[in-house]
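Structure assessment
Take a look at the letters that make up each chain.
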Amino acid sequence: MASATKTAERNIVIVGGGIIGSTTAYFLTRHPSFNPAKHTITILEAQSIASGASGKAGGLLALWAYPSSIVPLSYKLHAELAEEHDGATRWGYRTLHCGSLSANGKDYSAHTNINGSKQGVGAGAAEGNGEEWHKLPKTNLKGNTKNGIPNSLDWFDTDTIKSYSEMGTPSTTAQVHPYLFTTSMASLAVSSGAKVILGSVTAIDYSGPGSQSVKSVTYEDKETKEVCNIPATDVILAAGPWTSRVFPQAPIEAMRAHSVVIKADVSPYAVFSDISLPKGFTGSRGGGGSDGRGKTRRHGTSVAPEMYARPDGTVYACGEGDTLVTLPASSDLVTCDEDSCQDIIDYVSSISTPLREGEVLVKQACYLPSVAGGGGPLIGETGIRGLLLATGHTCWGIQNSCATGKLMSEFIFEGEAKSARIEGLDPRRFL
């Protein structure tokens, strides 16, 4: 059991200041057994809150996500948090429609103004087989194909559309702005007694005679470079793709994902696309390569970018992931490939005039964590007393963050998960 007694003094260290670490800290401070006079909660983050995928994700929430053991709980908690803390204003929470769009893309390479405006650059399986989440869409749910696209979904060129299928409605689909949601969760946790330390973990001490148990965490302070030590009774590893760097036994892999944010004030839809590209498609690059040296950029015959309209007058768009560049030592060293971002821009521009003419505000990349061999996420005890895992959430980390945080608070203060049955996500099954 992770918990000795509800009243015992505890020093809880959460490794990772992304969405999982931040919601875990939040729900720990909200647990009825939390006593700031006896319990310390520390988020230990290497760079800054939401510096990784949590600040660069799409933020889609869906009752049709996976795994089904935690999705309903997390979706419900998202709605409750938004109601309690004015999430609509604070982190862009809203419900929306979601659909799958099949279209024939057009090549606008003859035009010189495809997203030619100022562009910013950001650094930066549960049910089913482990590799399926790498491909789009995020679900096999297709819905019922309709004769035409909904009237309110007016930001796609009608002459490119082949079909549209409803995947989700405002009763089953919602969204948040990931960076704003993550930083808000961390801020709310801090205001209730948690603290944030910026530093990179160098060691977790769980050695000792007999059974192993957590004793302390050693880290290098980000600013001073001083090596420090925090006594700990409980350590929660929520470092996303970096979890296996801190705890090598964790079977966590990383995949790089690129995305862009385009200024376009359009109707509230999340769209999973299947775009057939014309033969010889070159996009904005014309006949040459993006590096100006005549290198030809190859494109598939079919591509599948996702597009999420946001309430701030922007559209988030992302493409499929890659494993071309190994996970760097920290989130500030993540490299953004300009060609990959431009591909996303060219693909969505081939079927949407508002996106083709919109200003590209951000180009960015991040790494998503998955469990090697499929399954996950991993939520719970490791077999080492006081050491728990909360990682491997793939592309559904934002969606499943609330359930994960609440369940981790139950493991710490009650010794077991109470709000959902998650035997299938037990880390000990994978270690």
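Just so it is clear, the structure is predicted and the values come from calculations on it, not from any experiment. (Residues numbered from 1 in each chain as written. Predicted model: local features only at pLDDT ≥ 70, side-chain atom pairs only at ≥ 80, totals over all residues. Heavy atoms only, no water.)

For the rest of this paragraph, the subject is the overall build of the chain. Broken down by element type, the chain carries eight helices and 21 strands. Scored against the burial criterion, the 431 residues of the chain give a buried share of 58%. With the model as given, the accessible surface of the chain reaches about 17400 Å², and the carbon-plus-sulfur share is 49%. (Helix = DSSP H or I, 4+ residues; strand = E, 2+ residues; numbered from the N terminus. Buried < 20%, exposed > 50% of the residue type's maximum accessible area, 1.4 Å probe, protein only. Areas by Shrake-Rupley, 256 points an atom, 1.4 Å probe, with all protein chains shown as cover.)

For the pair helix α1 (residues 19-30) and helix α4 (residues 178-191), the least separation of the axes is 8 Å and the interaxial angle reads 30°. Crossing hand, α1 versus α4: left-handed. Contacts between α1 and α4 involve I19, S22, T23, A25, Y26, T29 and R30 on the former and, on the latter, F181, T182, M185, A186, L188 and A189. The class makeup of the residues in the contact of α1 with α4 is eight nonpolar, four polar and one charged. (Axes fitted to C-alpha atoms, helices over the stretch in contact; angles between N-to-C directions. Left-handed = near helix turned anticlockwise from the far one by under 90°. Contact = heavy atoms within 4.5 Å. Nonpolar A, V, L, I, M, F, W, Y, C, P; charged D, E, K, R; others polar.)

Counting through the fold element by element, T95 comes out in strand β4 (residues 94-95). A sequence separation of 33 residues divides T95 from A62, and the C-alpha atoms of the two residues are 9.6 Å apart. Setting aside anything within four residues of it in sequence, one finds T95 in contact with P170, T173 and A174.

Before going further, it helps to examine the confidence of the model for the chain. For the chain, mean pLDDT is 89; residues scoring 70 or higher make up 86% of the total. Here residues 112-137 scores under 50 on pLDDT; set against residues more than four positions off or in separate chains, the count is 79 contacts. (pLDDT = per-residue confidence, 0-100.)

Right, let's get into the nonpolar core. If you look at the biggest cluster of nonpolar residues, it comprises 59 residues, and the most contacted ones within it are W155, F156, V235, M307 and L387. In terms of residue count, the dominant contributor to this core is helix α6 (residues 338-349) (five residues). For F156, the residues in contact, after removing those within four places along its chain, are L101, I149, I161, V271, M307, I351 and S352. Within the second largest apolar cluster, 47 residues are counted, among which are I19, I49, Y75 and V176. (Core = buried A, V, L, I, M, F, W, Y, C linked by side-chain atoms within 4.5 Å.)

This paragraph deals with a nonpolar patch on the surface. A cluster of nonpolar residues, V190, V196 and L198, forms a patch on the protein surface that exposes about 190 Å² of accessible area. Examined against the element boundaries, V190 turns out to sit in helix α4. Judged by relative accessible area, which is 38%, V190 ranks as partly exposed. (Patch = residues over 30% accessible without salt bridge, like charges linked within 9 Å, V, L, I, M, F, W, Y side chains within 5 Å. Salt bridge = Lys/Arg side-chain N within 4 Å of Asp/Glu carboxyl O.)

On to the sheet that holds strand β9 (residues 173-175). Pairing is antiparallel in the open sheet, where three strands are placed in the order β3-β9-β4. With partners counted over all chains shown, the strands left at the sheet margins are β3 (60-62) and β4, one partner each. In the sheet, β3 pairs with β9 via three bridges, with the strands oriented antiparallel. For L60, the partnering residue across the bridge sits in β9 and is Q175. (Pairing = 2+ DSSP bridges.)

A few words on α6. Since there are 3.6 residues in each turn of an α-helix, residues three or four apart along the chain are aligned in direction. Compared with the 16 Å implied by 1.5 Å per residue over 12 residues, the 16 Å span of α6 between its first and last C-alpha is a close match. Counting buried positions along α6 gives 11 out of 12 residues, so the element sits mostly inside the fold. (Expected span 1.5 Å × (residues − 1).)

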